[in-house]
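Architecture and fold: a report
Residues per chain are reported as follows:
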Amino acid sequence: MRQNAATPNAWETALAQFDQVAKLMSLSVDISQVLRNFDRALTVSVPIRMDDGSLKVFTGFRVQHNAARGPYKGGIRYHPELTFDDLKALAMEMTWKCSLAGVPFGGAKGGIVCNPKTLSKGELERLTRRYTYAIMPIIGIEKDIPAPDVNTNEQIMAWMMDTYSINNGYCTPGIVTGKPINVGGSLGRTDATGLGIAHTIANATRYKKMNPKNLKVVIQGYGNVGSAVGKFLSEMGCRIVAVSSSKGGIYNPKGLDHHALLKHYQESGSFDRFPRAEGITNESLLELPCDVLVPAAMSNQITKENADRIRAKLIVEGANGPTTIEADRRLNERKIPVIPDILANAGGVIVSYFEWVQDVQCYFWCEHEVNEKLKNILDRTYEAVHAFAQEKKLSMRTAAMSIAIKRIADAISVRGLYP
Ligand code: GLU
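Residues numbered from 1 in each chain as written. Predicted model: local features only at pLDDT ≥ 70, side-chain atom pairs only at ≥ 80, totals over all residues. Heavy atoms only, no water.

As for the overall build of the protein
Secondary structure assignment for the protein yields 14 helices and twelve strands. Expected size for 419 residues packed as a compact globule is a radius of gyration near 22 Å; at 21 Å, the protein falls within 12% of this value. In terms of principal-axis extent, the alpha carbons of the protein reach across some 55 × 55 × 50 Å. When burial is assessed residue by residue, the protein has 57% of its 419 residues classed as buried. Restricting to contacts in the protein with at least 6 residues of sequence separation, those with at least 24 account for 68%. Mean positive and mean negative side-chain charge positions of the protein (50 and 42 charges, respectively) differ by 3 Å. (Helix = DSSP H or I, 4+ residues; strand = E, 2+ residues; numbered from the N terminus. Rg over C-alpha atoms; globule rule 2.2 N^0.38 Å. Buried < 20%, exposed > 50% of the residue type's maximum accessible area, 1.4 Å probe, protein only. Contact = heavy atoms within 4.5 Å. Lys, Arg positive; Asp, Glu negative; His and termini not counted. Charge placed at Lys NZ, Arg CZ, Asp CG, Glu CD.)

Here it is, written out as structure tokens:
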């Protein structure tokens, strides 16, 4: 995000978070130096013809943080306030996330500075194709595999796959994940992040001996991720008491019906005038009394300004980086557990890995198999993080990052330094 005085710089935050953990694990200075830097970044100029005949030049990036454990992996984000520093931080976070889940990838992130809501479908397609062409030298099935992220979806992945394939001379489905099913996508990928968050909530509440039935849940953001969380949690018997979009939200302590919410949002584009619910701002939504708060929108939502007013018993990070470092410290002091993004929202990249494996093998699995394998990884990972946190008396975030960084450090060490 572009800076104003109140927004912490994402890259500085990511480095500070890394330094804290590196110190705690007594990581060697050599490895720290490698991981504090990103391997490679490409800035590209993306000229396209607009519908009115004018030419407009957009800026795009792809940042590759580290590939010690496998090819770079991470999403493509379209946002008007996107910065290079955001992408550096998000790429680093992907390295931790893939390592923690045990999928054999490193971390990357890319994107275009643009407001996709103001672009026509044709403009969006031309922008995506020209950007894909521009980053082609550094992506590839065994090099770097993009995926959807904020404001990108399976249609955009289909255009990326097509552009890469045409230029490559043959069909290359494994170049991106999060594609439509009929061009090599995986069953279960669309809902994977949301399903993973729901599994994480189930795991967290089990360990905390909270009854998942009737849990009062607040979800900030009801897009791809948030609405899938709402769907799975409703099926688990939880009570969704508040939801929001970027325009604001609604609250009903008795609970909101997921299907009615989705229908209302799809038809009207907002939650305004949703029956039997009180309108609230995104800020006040975060401060509602509830059992579980799921920030599933953008980064830096829980800050030192509002951390003391959070009344949730548990926070599960659906978005990447929704809690600032100061807020994290404060929540720790207040004994409000935070299940970190690299654990809670890893479902997306885990099923991306399954999609890539299926594409490479040209052999596709049924949805049950995908969901079972996803649950196994998430349960195993949660258990490992929980056990490590208990043993070393660490927060779940520090425990998760320590496990992830240790695996990468081991990979770097055993591979050695070239030349
Ligand atoms: N954008 C998602 C994330 O931040 C998914 C990345 C992927 O599937 O490669 O985890």
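Considerations on the UniProt feature "site: Important for catalysis" (unreviewed entry) in the protein
The positions that UniProt labels "site: Important for catalysis" (unreviewed entry) are, in the present scheme, Asp149. Mapped onto the elements, Asp149 comes out in the loop between strand 5 (144-148) and helix 5 (154-168). Excluding anything up to four places from it in sequence, Asp149 contacts Gly75, Ile76, Arg77, Lys109 and Asn320. (UniProt positions renumbered as here; feature names shortened; annotations may be inferred.)

Regarding the pairing of strand 4 (residues 106-113)
A large share of strand 4 lies buried, amounting to eight of its eight residues. Residues of strand 4 alternate between two faces, with Gly106, Ala108, Gly110 and Ile112 on one and Gly107, Lys109, Gly111 and Val113 on the opposite face, all of them buried. In this sheet, strand 4 lies alongside strand 2 (residues 55-66) in antiparallel orientation, the contact comprising seven bridges. In the strand pairing of strand 4, Asn66 is matched with Gly107. Pairing geometry for strand 3 (residues 72-79) and strand 4, over six bridges, is parallel. (Pairing = 2+ DSSP bridges.)

Some details on unusual backbone geometry
Look at the link from Tyr418 to Pro419: it is a cis peptide, with omega at 0°. Positioned with a positive phi, Asn151 is a non-glycine residue whose angle comes to about 65°. As for its position among the elements, Asn151 is in the loop between strand 5 and helix 5. In this structure, Arg276 is a non-glycine residue whose phi angle is positive, near 55°. Looking at the element boundaries, Arg276 is found in the loop between helix 8 (258-268) and strand 9 (278-280).

Examining helix 6 (residues 192-207)
For helix 6, built from 16 residues, the straight-helix expectation of 22 Å at 1.5 Å per residue is met to within 8% by its first-to-last C-alpha distance of 22 Å. In terms of burial, helix 6 is a largely internal element, 13 of the 16 residues being buried. (Expected span 1.5 Å × (residues − 1).)

Some details on the sheet that holds strand 11 (residues 312-316)
Ordered in space as 9-8-7-6-10-11-12, the seven strands form an open sheet in which the pairing is mixed. Single-partner strands in this sheet number two, and they are strand 9 and strand 12 (338-339). Bridge count for strand 6 (residues 216-220) against strand 10 (residues 290-295) is four bridges, and the pairing is parallel. Bridging from a neighbouring strand, Gln220 pairs with Pro295 of strand 10. Lying over the sheet, helix 7 (residues 224-235) contacts strand 6 and strand 7 (239-245), oriented at roughly 165° with respect to strand 6. (Axes fitted to C-alpha atoms, helices over the stretch in contact; angles between N-to-C directions.)

Brief notes about the site of the ligand
Around the ligand, a shell composed of 14 residues is seen, among which Lys73, Lys97, Pro148, Asp149 and Ser352 lie nearest. Within the backbone of Pro148, a nitrogen or oxygen atom sits 2.9 Å from a nitrogen atom of the ligand. At 2.5 Å from an oxygen atom of the ligand is found a side-chain nitrogen or oxygen belonging to Ser352. Across the complex, the protein chains shield 94% of the 300 Å² of accessible surface that the ligand would expose by itself. Elements that contribute at least two residues to the shell around the ligand include exactly strand 3, helix 3 (84-101), strand 5 and helix 12 (347-361). A class-by-class count of the residues in the shell around the ligand yields four nonpolar, five polar and five charged. (Near = heavy atom within 4 Å. Polar contact = N/O pair within 3.5 Å; in protein donor to acceptor, adjacent residues only side chain to side chain. Areas by Shrake-Rupley, 256 points an atom, 1.4 Å probe, with all protein chains shown as cover. Nonpolar A, V, L, I, M, F, W, Y, C, P; charged D, E, K, R; others polar.)

Focus on the layout of surface pockets
If you roll a probe as big as a water molecule over the atoms, it shows you where there is empty space left. Within this model, the second largest pocket holds a volume of roughly 460 Å³. Lining the second largest pocket are 15 residues, with Val34, Ile412, Gly416, Leu417 and Tyr418 positioned closest to its centre. For the lining of the second largest pocket, the elements supplying multiple residues, two or more each, are helix 2 (29-36) and helix 14 (396-415). Residue composition of the lining of the second largest pocket, by class: nine nonpolar, three polar and three charged. (1 Å grid on protein atoms, 1.4 Å probe; cavity = no way out; pocket = protein on both sides within 12 Å on 5 of 7 lines; lining within 4 Å. Points joined across faces, edges and corners; volume = space filled by probe spheres on them.)

Observations regarding the sheet that holds strand 3
Here five strands make up an open sheet; going across it, the order is 1-2-4-3-5 and the pairing mixed. At either margin of the open sheet sits one strand with a lone partner, and together these are strand 1 (40-49) and strand 5. The average angle at which neighbouring strand axes cross in this sheet is 25°, direction not considered. Judged from the five bridges that link them, strand 3 and strand 5 form a sheet pairing that is parallel. Bridging across to strand 5, Lys73 finds its partner in Ile145. Against the sheet, helix 3 contacts strand 1, strand 2, strand 3 and strand 4, and its axis sits at roughly 150° relative to strand 4.

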